[in-house]
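Residue-level structural notes
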There are 2 protein chains.
Amino acid sequence: MNFMKNLFSIIMLAAGLSASAAEIASPDGMLRLTVDLDPQGAPFYSVAYKGAPLVENSRLGLTADETSFNDGFRIASVDTLTVDRTWQPVWGEYSEVRDHFREMAVNLVADNPERALTLRFRVFDDGLGFRYELPAQSKNNYLTLRGEATEFNFADDHTLFCIPGDYDTDEYLWSETTFSNLPEALGNYRKHSEAQRTGGTVIQTPMLIKTKGEHPVYVNIHEAALVGYPAMLLDVDTEGFDMKASLVPDRLGVSGYLQLPFSTPWRTLIVSDDARDILASQLIYNLNEPCKIEDTSWIKPMKFMGVWWEMFTGNVKTWAYSDDYLAKPGVTDYSSLRSNGRHPANTENVKKYIDFASAHGIDAVLVEGWNEGWEDWASYRKNRQFLFDKAYPDFDVEQLREYAKAKGVKLVMHHETAANAADYALQLDRAFQFMKDNNYDAVKTGYVGAVIPRSEHHTSQWMVDHVLDVAKRAADYHIMVDSHEAPRPTGLARTWPNWLAQESARGGEFESFGGNPPSHTCMLPFTRLKGGPMDYTPGLFQGDLSYYGEGKTSKAGTTLARQLALYLTMPSPMQMACDLPENYERFADAFRFIEDVPVDWSDSRYLEAEPNRYITVARKDKNSDDWYVGAITDDQRRTALIDFSFLPKGAKYEATIYEDAPDADYRTNPQAYRIRTVKVTDKTRLKQPLAPGGGVAIRVVPLK
Amino acid sequence: MNFMKNLFSIIMLAAGLSASAAEIASPDGMLRLTVDLDPQGAPFYSVAYKGAPLVENSRLGLTADETSFNDGFRIASVDTLTVDRTWQPVWGEYSEVRDHFREMAVNLVADNPERALTLRFRVFDDGLGFRYELPAQSKNNYLTLRGEATEFNFADDHTLFCIPGDYDTDEYLWSETTFSNLPEALGNYRKHSEAQRTGGTVIQTPMLIKTKGEHPVYVNIHEAALVGYPAMLLDVDTEGFDMKASLVPDRLGVSGYLQLPFSTPWRTLIVSDDARDILASQLIYNLNEPCKIEDTSWIKPMKFMGVWWEMFTGNVKTWAYSDDYLAKPGVTDYSSLRSNGRHPANTENVKKYIDFASAHGIDAVLVEGWNEGWEDWASYRKNRQFLFDKAYPDFDVEQLREYAKAKGVKLVMHHETAANAADYALQLDRAFQFMKDNNYDAVKTGYVGAVIPRSEHHTSQWMVDHVLDVAKRAADYHIMVDSHEAPRPTGLARTWPNWLAQESARGGEFESFGGNPPSHTCMLPFTRLKGGPMDYTPGLFQGDLSYYGEGKTSKAGTTLARQLALYLTMPSPMQMACDLPENYERFADAFRFIEDVPVDWSDSRYLEAEPNRYITVARKDKNSDDWYVGAITDDQRRTALIDFSFLPKGAKYEATIYEDAPDADYRTNPQAYRIRTVKVTDKTRLKQPLAPGGGVAIRVVPLK
């Protein structure tokens, strides 16, 4: 009897399995997504763009110790929905963002064992996102997550722009390669322990694909709303041109611990045959939750300087106050130590920065090396390296608080944790209260070194939670956050706009470690920046460090004019002027642009773009009618064509152009620049020469 | 030339090596310790008691990845010192403690590689302690600790009283065995995963040895001042009668991360041929740092009741408010959940406890299950189980705050962390502020489950640090701490007297899980209690749980009278009356003793003692001239001989005796007790019968 019943229901199931494929297209119909099940009930999807296949049949699913969500499914129902709405970001490239998509929820069920899984897809004109939604199950509502089946399969040996997979860092240079050449391209990273651990052909997101052929399509692959889940890497099949999601595990080998119901982050593909659309896309923000901070009036985009670059210019100045490398924060009486005399984070020196910032309208000054703990870096072999409420003897918190107040300058506090996130959590409330008590409303956090808890990596689930917890806790104190060495951003700044910026890529500091090639900043906006702003630290005027005679000979991969252009091509609400006041005084006319350039925009127009080659962008100041234009190139000389048709018809503007001099070259003559003024209207087409490694920055002001 | 120089210095070294053994004796000369180096320069020690060898030559040393401190040493110098001082504990068994010892620091140096190590020994009349002091080295000042060479080697097949080695729990029954029978004795624990992990013959400290022969010597082996270091287990060589220190590792296999200079905890041996001296010894407190809290006026020993036992009496009542096991703290809106109606931590019920406590002079009421998070216990598979500032809908924090205040009763908060110490650290300041805002000044912490950070065990270095950090942070808020499932105490309550008590052993709750044999509480004072007070939760009047008809049939291993005696034999400044108010009302005359008995003492006299058999103790109230006597036996009927000579000569007292009735037996007739009154003076010798599993409690009040 029973057997007959089962047999009967199995036959019914078989019927259920023959459900036809589910399909959905973008509002403009150009992007088309199909979802289906194979005979084993394993879900897969494919994507076509402008009628041509883009992503071939690619598996979907999740694997856990308790049960898996990979096969045995049938489609129980499909819900569709069209949404067209706009929202106003607290800051960003646009004063208004359109969130326009068609949604399809494919509800899967399996009977033996009983499981339910919803695949939710959102298809926009500029790409798509999908996520796994695990509702409460009849059993197994706690998962020890081992991985995803998620694939991104392509049909040909396309071009890849990527960095090596890594559990702990993303501070790499970019490779422009192909599927088949990936092993060779990543070869030089094989020695890097972490990259090695993830295998030779694992890469990180955000990454960019440029398809082969006459009419290439650009595809940015990343994720949105990474919350309560590990970061995603991509395991590349270099012969099959396929990529598979690879979730960062903790040191015990587990990728995540989930309590259902749970929704994963969105897996995102930004798609266009026009490279400029990749730069303009707000898709990842659109897939994040709306702002969760009610009163955002205290969140203020800012430009800042820092007692910071002094420690990079040579091998002389130190973050540490003393040379007693055995000093222990909270144990050693630092007032009894002798200063090494090479400690820039001292009261008098900070005052100089405050004076300069105040005189030049720079909002804030960051100070690194102000607190106890920098004497050594054996952080992993001690359970406390830093105190966040204990200043060095030569750093007078109260005096500087009053001095900065009087000068109308804000101070930005630095919380380097040496990656001891566990101890930072223990000190967090006190650290933030200490900031508020001393008039700090922004913090730069750092996680340099191996992570404590020692079970974790920088991008494993626990750390993903930790860094978001810090941003949320900061919001409780009305503190803005710029996090370094944290998991790469995934658009969470829409939800927590006090999280102004992150590092999470190879930044400007590397100009002091051999330099960044000019192509590097032609790549970041196509990849890293899609998740959120980067604290890249532009504004480097003295890029040849031999100038200081302090033992470093590193030369920056940039002209001076290009550094000004970065304020446009690397937009961030927390933008640094990284160089020393004395260098800005040496080039006061050029620094004028940094004084003028805003950090918040009402509109942005990408005029020219090709990954790893060049970017030209125009942006409108959020608080005036002024426009700003920035253009950069790689190591090749180039002429940017700047079409001013974005200006209101007929209106006359004066453009102040900060450009490379004719003989400028980032290798030989980086500080050769010119400043000229021309009249422009919406009819103007400006042919603007850019030096090798050069750029141009233009301020466009209405004529009265 | 150079070679000759080296050769020469090597010859000088050789001379140095022939330094004779270092020796030191206790102030009374009975205990004698010798330290020497073997031909390889490996340090070892031995101990003699009353002229006979006690501990044979036993290795000393430390092993780390970077370098080891095991051999190659010579004795550079030996410093000795005699100290005789007294100190006043904030609470305890004595109002004054004598700290009288002779100290010997053996300063070892090694040349290749260069190392320095000081062995510091303190020899008291009642035992000795030694520790490793690692000064700053010429190199390798950061150690990845792998273990200790420390041995405790004995000469014969002595009797051992011990529990299995375990990284995560010490809630075991005690084995009375011998070296050679240890494997068999621990056999029944083999199935226990953690005990298994440590191997079959690893045991925990504190443990007790009783030497073979006509004149046995008792030796308690433990550690003092466990700070910044993992807990110690003992790896037993059952044929050689030797024991070797085995440090608890983290899940990556590392025992500790040390920055030098660093001093290890003290390894302690409490030694006497009179078992009563083991109970009286304050050696472990003496080896801890003096009190670090300046104003201790807010630290108040207390008796408390609890909304707690109701959840143990049967399989009905729950800590959880609802039956929705998928509820997520901070995510689920609990006010929208339906109560399961079996949740004792509700406002009305707590008021009943407050009323009873107020009527009977009980200082405080603990409430378990008051806060969000008890709905499920998959703690290890979620990164947040509990919120510590979010009460269940049926627990009105404000109303109870005012009600308790009006009734002159304190509330004790419960912080069950589900062993997510990482998340507790993140919530800690807010949790303690919430307590102060609501008039709580004591907390019971809990760490049930596998530890998060997932790299840790309950007794690995990181957790040792965490639990002390919590006690210190609590002190900042003037909060007293009773920590459960925390590393076994090592006398740190002297330094942080707000740390009133811990569990860290199999407690009274097990009377509801099959019961504790009477011998269990005849063992704990010789072992577990040497590190500090235990929140054992005595006062169980209704020990037969079938009484409740709620599905449990567990019978407690105790008579009712014995439960009163435990307030004397298990001294603690935070002493519970664990049973339900209605049971105390049923036996109001017996409960009168719990109302009267103090929890803080000016003097204590151990009158009779044999481990695992019986204990008889007299204590003087710190705040009056009253004395109290308690006696317990194991499962054998016994007559305690109570010698009242501790009373002032000639003075007359009235003794109220709470005793087992003649027909009392813990198995068959546990609630049969009598209360009688007799006159006593310092001449009185009372022959007091104790029932099997029984005991006696006596209040001794001066006659006016």
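For the structure itself, consult the block above.
Residues numbered from 1 in each chain as written. Chains lettered and ligands numbered in written order. Predicted model: local features only at pLDDT ≥ 70, side-chain atom pairs only at ≥ 80, totals over all residues. Heavy atoms only, no water.

Here we take up the overall build of chain A. Secondary structure summary: chain A contains 14 helices and 37 strands in total. A compact globule built from 704 residues should have a C-alpha radius of gyration of about 27 Å, and chain A, at 26 Å, falls within 12% of that. Seen through its principal axes, chain A has C-alpha atoms that stretch 90 × 65 × 50 Å. Within the span of chain A, comprising 704 residues, buried residues form 64% of the whole. Taking contacts inside chain A between residues at least 6 apart in sequence as the whole, the part at least 24 apart equals 71%. Counting only carbon and sulfur atoms, one obtains 50% of the accessible surface of chain A, whose full area is about 23900 Å². Each charge class in chain A can be summarised by its mean position, and for the 74 positive and 98 negative side chains these summaries are 2 Å apart. (Helix = DSSP H or I, 4+ residues; strand = E, 2+ residues; numbered from the N terminus. Rg over C-alpha atoms; globule rule 2.2 N^0.38 Å. Buried < 20%, exposed > 50% of the residue type's maximum accessible area, 1.4 Å probe, protein only. Contact = heavy atoms within 4.5 Å. Areas by Shrake-Rupley, 256 points an atom, 1.4 Å probe, with all protein chains shown as cover. Lys, Arg positive; Asp, Glu negative; His and termini not counted. Charge placed at Lys NZ, Arg CZ, Asp CG, Glu CD.)

As a further point, take the relation of the copies chain B and chain A. Of the two same-sequence chains, chain B is brought onto chain A (RMSD 0.0 Å, axial shift 0.0 Å) by a rotation of 180°. These values place the two chain copies in the arrangement generated by a two-fold rotation axis. For chain B, the minimum C-alpha distance to the rotation axis belongs to S455 of chain B and amounts to 2.3 Å. A symmetric contact is evident, with 100% of the interface residues of chain B recurring at the interface of chain A. (Least-squares fit on C-alpha atoms with pLDDT ≥ 70 in both.)

This brings us to the interface of chain B and chain A. Each partner contributes to the interface: chain B provides 41 residues, whereas chain A provides 41 residues. For the chain B and chain A pair, buried surface summed over both sides reaches about 3700 Å², with 54% attributable to carbon and sulfur atoms. It is Y142, R381 and L426 of chain B in chain B that bury the most area against chain A; as a group they hold 20% of the surface buried on that side. For the pair chain B and chain A, the number of links is 6 salt bridges. Where D429 of chain A meets R430 of chain B, a salt bridge forms, and the shortest distance between an N and an O atom there is 3.4 Å. (Buried area = accessible area lost by both parts, 1.4 Å probe. Salt bridge = Lys/Arg side-chain N within 4 Å of Asp/Glu carboxyl O.)

Residue and element names in this part refer to chain B. Turning to its location among the elements, N340 is positioned in the loop between strand 23 (302–307) and helix 6 (347–360). Within the structure, the side chain of N340 is placed 3.0 Å from the side chain of T318, a separation counted as a polar contact. A polar side-chain atom of N340 sits 2.7 Å from the main-chain amide nitrogen of R342. (Polar contact = N/O pair within 3.5 Å; in protein donor to acceptor, adjacent residues only side chain to side chain.)

Moving on: the state of the cysteines. Enumeration over the complete set of coordinates arrives at 0 disulfides over all chains. Distance from the sulfur of C162 of chain A, which forms no disulfide, to the nearest cysteine sulfur (C522 of chain A) is 17 Å. (Disulfide = S-S within 2.5 Å.)

On to the sheet that holds strand 34 (residues 653–660) of chain B. All names here are of chain B. With antiparallel pairing, 6 strands are arranged side by side in an open sheet as 30-31-32-37-34-35. Here the strands that pair on one side only, and so sit at the sheet edges, are strand 30 (601–610) and strand 35 (673–680). With direction set aside, neighbouring strand axes in the sheet form an average angle of 15°. Bridge count for strand 32 (residues 627–633) against strand 37 (residues 695–702) is 6 bridges, and the pairing is antiparallel. By the bridge assignment, W627 is partnered in strand 37 with V700. Running at roughly 120° to strand 32, helix 11 (residues 560–569) makes contact with strand 30, strand 31 (614–621), strand 32, strand 34, strand 35 and strand 37 of the sheet. (Pairing = 2+ DSSP bridges. Axes fitted to C-alpha atoms, helices over the stretch in contact; angles between N-to-C directions.)

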